[in-house]
Amino acid sequence: MNLNIKTPIISIIKAFPYALLISIIMNIGSTIQPIFIKLFTSEEVKLYDTLHEGKIAIYQTNFIQYFIEYPWSWFLIPSLAIIYFAFKATSLKKILIYLTIFIFATLMITDYLFVFIHAKNLDNHLSNLISNIIGSPIIAIIVILSLDTGYAINQYFEINHEIYRELLNGLIAIIYGFIIAFIVYIIYINVYTVTKSKIDLSIKAPIKGAYTIDNEANKTSEKNYGFLSSTSTNIEKIYWHGFSDNFTLNWEKKINKNPLVYNAEIRILDSCFKDKDKIAKAISASPTYVIKNINKFKLTANNGPLEMYTLPNLSNSSEKFLISSKDDKKKVIFWISESKTKGYDLTRFIDNSDQIKYSLYDNKISYVLTLVTFNDHLQNSQEIVKPRELSLQTNNEDFSISLIPPTQLNSKNNSQKNCQIFHKSENNAYNLQSITSKIILTIQEAQDIQKPLSLNSILANHNIQEEVSIEGFNGWIKAQEVEKNKLSSYINDLPLNSISVTAPIQTLYIDGKEFKQTLSSNNIQISNASLIGNATSDGFLKFTGNTQAVYINEERANLSRWEKLDSEYKYIAFFSLLGSIILIIFKRLKYILNANKQYTL
């Protein structure tokens, strides 16, 4: 087989398709090599896990992108040199030998050159050497077969024109490269990558976990998505426990019809801990402050421990309760546990990037804030306690309140749990007997200050909308004693990207197949998903949709296309086909070498 070299340019043009073929195969070798190495060295049983060892491989690139992504130029120039020197041989057998030697040398040199340029380590020299020894003759054989195919087609159609013959030979070589790349791509995406799986999961309490929201779905919908972020929430059941980080509570009354007058009452309580009965009775005592004729109210607190809840009322159901975050990719951490009395306790962690907004149709609302004077930054200060500062702003009046802790802490101070109410101080400073103080903020219609509200009076004024926003809080919000059939009032439909939970599994279906779990609690991780999560009437959390990554107790649960084939004869069929193809190739190669035909490029 002779390469008739008339000019260097013509020689390069003739050699280019074969160099491109070699370059394609060398490049896809980076995909093939780890597959075969892991196939013989991995302890895993499943084909998929031999390569990925239980991890999820998600490959969303189509074939054209897959083909373009490889750096063909890395091997193209060395491949031109291989063709140039190998095709100088006088016999086909020598060409095969020269191709094998030159390809092997090129692979070894480029491997170590890549390591040197990118300052990386070659993990396994022996496996790399063996792969190159096996791969070199295979690439050489493919080049010979492509050349023979072009020659056979030229002979069959009696193409004698040199230019047409050269074009056809080059086209056949390039087609060989595309076919081999396509076969590797098909095998990889079907055997060694997982596909989207349909999932239907129901879990029950106790549940703890985290999720991320699909923000695109959230932005394009009028619904209010989230855990403890729903269209109808009983505010009375919500408790806040954490720390103020420039805590701010804004209240505003939106009057739709008749302009009504509202007053604010502030009661400052000392030596009052968790005695809810005494706190509830304090609401009827004379307030420390009365601010009349308001339609806006803003309360801020300096940094420190803070708790808050609302006192029971005839109508404390929220029309909208929305928790939004400045961080679109933030993980929401939550818990659901069995309540000590009845129903469930729902807990969610929030921080100062979150803002809570809700609206009420109510004539009266009372917020109970617990402010602890304990210094939460003790490592930066020698003082165990520090004053708590409150700032209050309304449309009529602005002032500040200082809560001054006792200079000495002892059991006597802490034992005076009589929930005493302070009278108004001239300088708005109050000396506490204990480290804990409670602030009761009550806002209600002025005409109803002196008389109890009836259900009829509240319903008659449902045209009065109250809007509240809260910011600057780090800690937990908890809905207590939520009845199982009322979970949907606190958990709206969740469009999820991912979720990770630990919980007992009620039911789990993946692609219609049931996965039975007998453990009392399971670790479930779902990512790269498009899920809808909601609460059912029987007290379960349900997640349905598509996902590309599912782990149950650290075991991969979703399957590759190959694993989804139910036939137990799939391995027999695959290896029979592979064996037949290899046999045909070697028969043809034997014929070619024995014939020792002369080709002219």
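The structure we're discussing is the one just above.
Just so you know, these numbers come straight off a predicted model, no measurement behind them. (Residues numbered from 1 in each chain as written. Predicted model: local features only at pLDDT ≥ 70, side-chain atom pairs only at ≥ 80, totals over all residues. Heavy atoms only, no water.)

(A) Local environment of the overall build of the protein chain. If you tally the helices and strands in the protein chain, you get 13 helices and 25 strands. For the protein chain, the share of sequence-separated contacts (at least 6 apart) that also reach a separation of at least 24 residues comes to 83%. As presented, the protein chain carries roughly 31200 Å² of accessible surface, and 56% of it is formed by carbon and sulfur atoms. (Helix = DSSP H or I, 4+ residues; strand = E, 2+ residues; numbered from the N terminus. Contact = heavy atoms within 4.5 Å. Areas by Shrake-Rupley, 256 points an atom, 1.4 Å probe, with all protein chains shown as cover.)

(B) How the structure looks around the nonpolar core. By size, the foremost hydrophobic cluster in this structure holds 80 residues, and its most contacted members are I203, F247, I266, F297, L346 and I491. Counting residues per element, this core draws most heavily on strand 19 (residues 464-482), at six residues. Setting aside anything within four residues of it in sequence, one finds I266 in contact with P287, T288, Y289, I291, F297, L392, F399, I439, I440 and L441. (Core = buried A, V, L, I, M, F, W, Y, C linked by side-chain atoms within 4.5 Å. Buried < 20%, exposed > 50% of the residue type's maximum accessible area, 1.4 Å probe, protein only.)

(C) A look at a negative patch on the surface. Together, E43, E44, E554 and E555 line one region of the surface with negative charge. Here E555 is to be found in strand 25 (residues 555-556). (Patch = residues over 30% accessible without salt bridge, like charges linked within 9 Å, V, L, I, M, F, W, Y side chains within 5 Å. Salt bridge = Lys/Arg side-chain N within 4 Å of Asp/Glu carboxyl O. Lys, Arg positive; Asp, Glu negative; His and termini not counted. Charge placed at Lys NZ, Arg CZ, Asp CG, Glu CD.)

(D) Representation of the pairing of strand 18 (residues 436-445) in the model. The buried count for strand 18 comes to 10 of 10 residues, which makes it a mostly enclosed element. With nine bridges joining them, strand 5 (residues 262-270) and strand 18 adopt antiparallel strand pairing. Directly across from I266, in strand 18, lies its bridge partner L441. One ladder, built from nine bridges, connects strand 13 (residues 364-372) with strand 18; its direction is antiparallel. Note that in strand 18 the partner of V368 across the bridge is I440. (Pairing = 2+ DSSP bridges.)

(E) Up close: the packing of aromatic side chains. A full pass over the atoms with the stated rule returns 17 aromatic pairs. Relative to W476, the ring of F349 lies with its centre 5.6 Å away and its plane at 70°, an arrangement referred to as edge-to-face. Linking F349 in strand 11 (residues 344-350) with W476 in strand 19, this pair joins segments that are 127 residues apart in sequence. Looking at W476, the relative accessible area reads 36%, which means it is partly exposed. Between F574 and F575, the ring centres sit 5.2 Å apart and the planes meet at 80°, which makes this aromatic pair edge-to-face. Take F574: its relative accessible area is 34%, and that puts it in the partly exposed class. On the accessibility criterion, F575 (49% relative accessible area) is partly exposed. Three or more aromatic residues joined by ring pairs form one cluster here, namely Y84, F85, Y98 and F102. (Phe/Tyr/Trp six-rings, centres within 6.5 Å; stacked < 30°, edge-to-face > 60°.)

(F) Expanded view of the pattern of salt bridges. A complete count under the given rule lists six salt bridges for this structure. Here D49 makes a salt bridge to R556, at a shortest N to O gap of 3.2 Å. One end of the pair, D49, is in helix 2 (residues 47-52); the other, R556, is in strand 25, and 507 residues separate them in sequence. Overall, D49 belongs to the buried group, its relative accessible area being 9%. Judged by relative accessible area, R556 falls into the buried class, the value being 12%.

(G) Quick peek at the side chain of S434. Structurally, the position occupied by S434 is in the loop between strand 17 (429-431) and strand 18. In this structure S434 comes out as buried when scored by relative accessible area, which is 0%.

(H) A look at the packing of helix 6 (residues 125-156) against helix 13 (residues 570-595). Look at helix 6 against helix 13: their axes get within 11 Å of each other, and the N-to-C directions meet at 70°. What the angle tells us is that helix 6 and helix 13 run roughly perpendicular. Residue-level contacts link I141, I144, L145 and D148 of helix 6 to I585, R588, L589 and I592 of helix 13. (Axes fitted to C-alpha atoms, helices over the stretch in contact; angles between N-to-C directions. Parallel < 35°, antiparallel > 145°, perpendicular 65-115°, else oblique.)

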